[in-house]
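Read off the chains here:
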There are 2 protein chains.
Amino acid sequence: MAKELDFLTKRSEDYSRWYNELVVKADLAEQSDVRGCMIIKPYGYAIWEKMQRILDDMFKETGVQNAYFPLLIPKSFLSKEAEHVEGFAKECAVVTHYRLKTNDTHDGVVVDPAARLEEELIIRPTSETIIWNTFRNWIHSYRDLPVLCNQWCNVMRWEMRTRLFLRTSEFLWQEGHTAHATREEAEARARQMLGVYADFAENYMAVPVIRGVKSETERFAGALDTYTIEAMMQDGKALQSGTSHFLGQNFGKAFDVTFMDEQNERQYAWATSWGVSTRLMGALIMTHSDDNGLVLPPALAPIQVVIVPIYKNQEQLARVDAAVAPIVEELKRKGISVKYDNADNKRPGFKFADYELKGVPVRLVLGARDLDNGTVEVMRRDTLEKETRQLEGIAAEVETLLADIQRNIFEKARAYRDSRIYECDNYEEFKQRVKNGGFFLCPWDGTAETEARIKEETQATIRCVPFGMKQTPGTDMVSGRPSVARVIIARSY
Amino acid sequence: MAKELDFLTKRSEDYSRWYNELVVKADLAEQSDVRGCMIIKPYGYAIWEKMQRILDDMFKETGVQNAYFPLLIPKSFLSKEAEHVEGFAKECAVVTHYRLKTNDTHDGVVVDPAARLEEELIIRPTSETIIWNTFRNWIHSYRDLPVLCNQWCNVMRWEMRTRLFLRTSEFLWQEGHTAHATREEAEARARQMLGVYADFAENYMAVPVIRGVKSETERFAGALDTYTIEAMMQDGKALQSGTSHFLGQNFGKAFDVTFMDEQNERQYAWATSWGVSTRLMGALIMTHSDDNGLVLPPALAPIQVVIVPIYKNQEQLARVDAAVAPIVEELKRKGISVKYDNADNKRPGFKFADYELKGVPVRLVLGARDLDNGTVEVMRRDTLEKETRQLEGIAAEVETLLADIQRNIFEKARAYRDSRIYECDNYEEFKQRVKNGGFFLCPWDGTAETEARIKEETQATIRCVPFGMKQTPGTDMVSGRPSVARVIIARSY
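Just so you know, these numbers come straight off a predicted model, no measurement behind them. (Residues numbered from 1 in each chain as written. Chains lettered and ligands numbered in written order. Predicted model: local features only at pLDDT ≥ 70, side-chain atom pairs only at ≥ 80, totals over all residues.)

## Digging into the overall build of chain A
Using the following cut-off: In DSSP terms, a helix is any run of H or I states spanning at least four residues, a strand is any run of E spanning at least two, and both are numbered starting from the N terminus. Radius of gyration: over C-alpha atoms. The globule rule applied is 2.2 Å multiplied by the number of residues raised to the 0.38 power. Two residues qualify as being in contact provided that their C-beta atoms, derived from the backbone, are within 7 Å of each other.
Each helix and strand in chain A was counted, giving 15 helices and 25 strands. Over its C-alpha trace chain A gives a radius of gyration of 26 Å, about what one expects of a compact globule, namely 23 Å for 493 residues. Dimensions of chain A, computed from the C-alpha atoms along their principal axes, are close to 80 × 70 × 55 Å. Taking the contacts inside chain A whose residues are at least 6 apart along the sequence as the reference set, 69% of them involve residues at least 24 apart.

## Examining the interface of chain B and chain A
Condition: Residue type decides the class: Asp, Glu, Lys and Arg count as charged, Ala, Val, Leu, Ile, Met, Phe, Trp, Tyr, Cys and Pro as nonpolar, and the leftover types, Gly among them, as polar. Two strands pair under a simple rule: DSSP has to find at least two bridges between them.
Facing the 52 residues of chain B at the interface are 52 residues of chain A. When grouped by side-chain class, the residues that make up the side of chain B that touches chain A number 31 nonpolar, 12 polar and 9 charged. Where strand β5 (residues 94–97) of chain A lies against strand β5 (residues 94–97) of chain B, 3 bridges are found, and the strand directions are antiparallel. Its bridge partner being in β5(B), A:V94 is matched across the sheet by B:H97.

## Concerning helix α13 (residues 394–419) of chain A
Selection rule: One less than the number of residues in a helix, times 1.5 Å, gives the span that helix is expected to have. Exposure classification rests on a simple neighbour count of other C-beta atoms within 10 Å of a residue's own: a residue reaching 20 or more is buried, one at 12 or fewer is exposed, and one in between is partly exposed. C-beta atoms are placed from the backbone.
Its 26 residues place the ends of α13(A) 36 Å apart at the C-alpha level, agreeing with the 38 Å of an ideal helix rising 1.5 Å per residue. What α13(A) keeps buried is the set A:I394, A:A395, A:V398, A:L401, A:L402, A:I405, A:Q406, A:I409, A:F410, A:A413 and A:R417.

## Observations regarding the sheet that holds strand β12 (residues 225–232) of chain A
Residues and elements named next belong to chain A. For clarity, the cut-off: Lines are fitted to the C-alpha atoms to define the axes, a helix being fitted only along its stretch in contact, and any angle between axes, read from their N-to-C directions, falls within 0 to 180 degrees.
Spatially, the 11 strands line up as an open sheet ordered β3-β9-β10-β16-β13-β12-β11-β24-β25-β23-β22, and their pairing is mixed. The sheet is open, and its two edges are formed by β3 (65–66) and β22 (421–423), each paired on a single side. Examined bridge by bridge, strand β13 (residues 238–248) and strand β16 (residues 270–277) share 5 bridges and lie antiparallel to one another. Counterpart to H245 in the pairing with β16 is S273. Relative to the sheet, helix α7 (residues 183–203) contacts β10 (170–180), β11 (210–213), β12, β13 and β16, its axis offset from that of β13 by approximately 165 degrees.

## Side note on the domain arrangement of chain A
All names here are of chain A. Note the following rule: By convention here, the domain bounds are inherited from an automatic or database domain assignment.
Under the domain assignment used here, chain A contains domain 1 (18–288), domain 2 (303–404) and domain 3 (421–490). With centres defined by C-alpha atoms, the gap from domain 1 to domain 3 works out at 29 Å. Contacts between domain 1 and domain 3 engage 16 residues on the former and 15 residues on the latter. Elements with a contribution of two residues or more to the side of domain 1 that touches domain 3: β11 and β12. Counting residues per element, the side of domain 1 that touches domain 3 draws most heavily on β11, which supplies 4 residues. Residues that form the side of domain 1 that touches domain 3 fall into these classes: 4 nonpolar, 5 polar and 7 charged.

## Looking at the relation of the copies chain B and chain A
Worth spelling out the cut-off: To line up the copies, we fit them by least squares on C-alpha atoms, keeping just the residues with pLDDT of at least 70 in both.
When chain B is fitted onto chain A, the two copies agree to an RMSD of 0.0 Å after a turn of 180 degrees and an axial shift of 0.0 Å. Such a combination of turn and shift is consistent with a two-fold rotation axis. Considering only C-alpha atoms, the part of chain B nearest the rotation axis is B:V95, at 2.1 Å. The overlap is high: 98% of the interface residues of chain B also sit at the interface in chain A, so the same surface is used on both sides.

## A closer look at the environment of B:Q192
Summarising the element assignment, B:Q192 is placed in helix α7 (residues 183–203). Once the C-alpha coordinates of B:Q192 and B:T62 are considered, the two residues, 130 residues apart in sequence, prove to be 8.9 Å apart.

## A look at the sheet that holds strand β19 (residues 362–367) of chain B
Residues and elements named next belong to chain B. Taken in spatial order, the 5 strands line up as β18-β17-β19-β20-β21 in an open sheet, and their pairing is mixed. At either margin of the open sheet sits one strand with a lone partner, and together these are β18 (338–340) and β21 (386–390). Here the strands of the sheet are splayed against their neighbours by 25 degrees on average, with no regard to which way each runs. Pairing of strand β20 (residues 375–380) with β21 involves 5 bridges; the strand directions are antiparallel. What sits directly across from M379, in β21, is K386.

## So, the pairing of β5(B)
Of the pairings in the sheet, the one linking β5(B) to strand β8 (residues 116–123) of chain B comprises 3 bridges and is antiparallel in character. For B:V94, the partnering residue across the bridge sits in β8(B) and is B:I122.

## Thoughts on unusual backbone geometry
All names here are of chain A. Omega for the peptide link from L145 to P146 comes to -5 degrees, which places this bond in the cis form. Positionally, P146 belongs in the loop between α6 (128–138) and β9 (147–156). Even without glycine at this site, H106 takes up a positive phi of about 55 degrees. In this structure, H106 sits in the loop between β6 (100–102) and β7 (109–111). Residues other than glycine seldom take positive phi values, yet N264 does so here, at roughly 65 degrees. In this fold, N264 is placed in the loop between β14 (258–260) and β15 (266–268).

## Some remarks on the confidence of the model for chain A
Here is the rule: Across the chain, each position has a pLDDT score giving the predictor's confidence in that residue, from 0 to 100.
With 99% of its residues at a pLDDT of 70 or more, chain A shows a mean pLDDT of 95. Taken together, the chains of this predicted complex give a pTM of 0.96 and an interface ipTM of 0.96.

## Some points on the nonpolar core
Selection criterion: Under the definition applied here, buried Ala, Val, Leu, Ile, Met, Phe, Trp, Tyr and Cys residues are grouped into a nonpolar core through C-beta atoms within 7 Å.
Residues A:C92, A:M205, B:C92 and B:M205 are the most contacted members of the largest nonpolar core, which totals 301 residues. The contacts of B:M205, once residues within four sequence positions are left out, are B:F200, B:L280, B:A283, B:L284, B:P297 and B:L300.

## Some words on helix α10 (residues 314–333) of chain B
Residues and elements named next belong to chain B. Rules: Axes are fitted to the seven residues ending at a residue and to the seven starting at it; the angle between these axes is taken as the bend at that residue.
Taking 1.5 Å per residue as the helical rise, α10 with its 20 residues ought to reach 28 Å, and the 28 Å between its terminal C-alpha atoms agrees with that figure. The axis of α10 is deflected most strongly, by about 25 degrees, at V324, and proline P326 appears within four residues downstream. By the burial criterion, the buried members of α10 are V320, V324, I327 and L331. Elements that come into contact with the buried residues of α10 comprise β17 (305–310), β18, β19, α12 (368–373) and α13 (394–419). Once α10 ends, the next one or two residues include G335, with phi positive near 80 degrees.

## Side note on the environment of A:E119
All names here are of chain A. Among the structural elements, E119 can be located in strand β8 (residues 116–123). Residue classification places E119 among the exposed residues on the basis of 11 C-beta atoms within 10 Å. In the structure, E119 is positioned 45 residues away from P74 in sequence and 6.8 Å away in space, judged by C-alpha atoms. If we skip the residues at most four places from it in the chain, E119 touches P74, K75 and S76.

## Section: the pairing of strand β25 (residues 485–490) of chain A
Along a regular strand, successive side chains alternate from one face of the sheet to the other. All names here are of chain A. Across the 6 residues that make up β25, a large majority, 6, are buried. A two-sided burial pattern is seen for β25, the buried positions comprising A485, V487 and I489 on one face and R486, I488 and A490 on the other. Bridge analysis of strand β24 (residues 461–466) against β25 gives 3 bridges, and the strand direction is antiparallel. Along β25, the bridge assignment pairs I462 with I489.

Now the structure itself:
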């Protein structure tokens, strides 16, 4: 195991391989024997649980309530919204039968042909259809609005090429679905939830994001507008990290969800949906981690502080144990999660490497000599800096240090990203430079045609029209036509 | 709506119908358009979330960690454990294809015959197979043991006759799966988790349960022993509320999960699994609720206290609002969830009936005259008793009252259950009396034959051999053979 640790590929050698190895070696996730479906291991799941808990509280703060809708969706539901079916009905898992029976040779089971479903069922790729089919019964009057629902669940989109967390056939996510009486309220809600995602990404994941709106081509199937947060990974590629959709009345009309307004006139309800998934784990890993392993923001680290004793004999260990106990207590009182690893079957060097690999933000090392001197060695994972500090008052120092690490990794990621955002008005230059990653701010004529050409020739896509950018007139770098906006173009995950 | 409230069927008229109506009218759940799959509405889900949070903390206290395993299981996995396949491979949802395509008339989608899976996949009815297939890679040495995993997820077992929460094709649950080095440790874990379930049922749900072990016939498919907690509903029928299984080495052998023990000898790992599901919602509802609606234990009530103002004009309302604000604050500080319902579009009588239907444990009513007198009307949902109390110090009184309600509904349920546990040694008498419900403590000869006869003739089953009962020699009431134990027999959900 200690040997394996040395084998983490360096980012500079092969970024993609580094990621794949890191996810597995840090015990975050692994492939299962079911094509495209991952197993999220306890350490990885503990991070996901922290994300869930924080996001869930943030949703509830805005008035959203959780609910649960069926896993299976009748095939015909998907066809009711014309664009939606194009986007989602194709690559999906189809349930056709509801029974197996023993085979003729009595050594296995086969599908019972007599148990064929009248209508096939689809494992949800997303739940707009079944939820709006339900909303029809919930919504009658403007007094029933808004409806603000969210569910945490698994979804499935059949994928041929998968990567742990980034692209898997089954993944975990939350999907929020809201219904409103007016267009304005629905649009405001879609933007509000994008704000929640951006807040979460930046202040908990320490991942800086750019907020913006997608081009028509990149919109969610069935949306009038898709808002997005885009993060930059250490290879300069973009990772779409969360999206929020203004769906207009498309689903209201497709599922006949109407209400009587205050003037007693019948109206179709306005919709939003918004989601983040276990893909966030990929963003978290790729933004901060280094060649030694994970770097986790303290706000999401399952173990924030690890304490490792150094000792030559049981008597020394007993002394360290005794000195550590009150520190552990004090850290816990401060709400800091701490692990004291005095396991006797692993050497300190192995422990150091393992906790570095796992991204534990702060490590304290305490030996017999430290006890004599009243000192302790403090290592911070983000910079790998070690310092000897006074044992007295160490819990308060650790608390400050954790806040500092949280801030530092965000600033570091932001500085890195900002250094790789380029204004670019020349397509030839763009084609050369985009290979090396980065976000390119380019004037765009607003046509799908230009967008398609860029994608075909460079594999880069329009990530978004960023919010809050001063847009000045310009010339599309590809077509030479007048530009409608400067957009962010990048290769992406 | 207010009118509908009157239409809740009385328990004495039709217990089953009362339950069905209550679940829907109290906004807990409803049927979906997908056969057998329910929609858990926000109010119902809020209760389930509270259950989840508490149980999850209890599991973690015992060292269990959460993880996530795939939704889909290769068909062949099910056949690997001989008994397991008999129990679970039959009525299940089968995924045969992974793509749809537009139909010939371009107005819908059909299954793409070219996208047939080589091996069909089953939506998990339970996850022993895929988890033990994974454990093979995790477990090599006794140092890797125990492995203590849990997952919160959805599962699917195709059901022809469904009832909300009690029996649905898709349901939510947690399934714990552990691997151990020794038989003793695995058996102890299986019993420990049953203890957690019993503790949760009694101390949070306020549902008294009998712990015991299942007969061979009623065991989980693939288990050597199934432990159970059995609760009695108000119609005297049993509801199996949680089970914990000692699986021996069956799955270790089926999936070749071995480890080197301390003597460096290869051994098969020992297994347990244990689960509770949204069925607990059914137990909760049916144990406490009455003809006015839900009665919720304060420990699980999403809203513990509701405050309703009585006023004739806006000036009076403003006075009540002002008086209520500090009470709400103080209750929140005590960690009590409180709702002040000063909505102007519903009459107090409607609000009273609605919160009774929803089972809010404590209601405070405050009017202008109360303010003059410094009083408040306090209603407790469990007994429907109303009392006028001093406004001064009301938060502390409410806190005490909530604890009293929690205790009282448990005691009431226990007294009811205990009054309906009968010792019975005569089969003719049993046949007569079992129709009216209740738990019957009867001597049993230990044979599946007797068990099958009882079931066929009375629709009652052996619920369990209860733990901690002094077992004395006796004669089986059916066969006349010597009994091996006195068991609990009852009709059940």
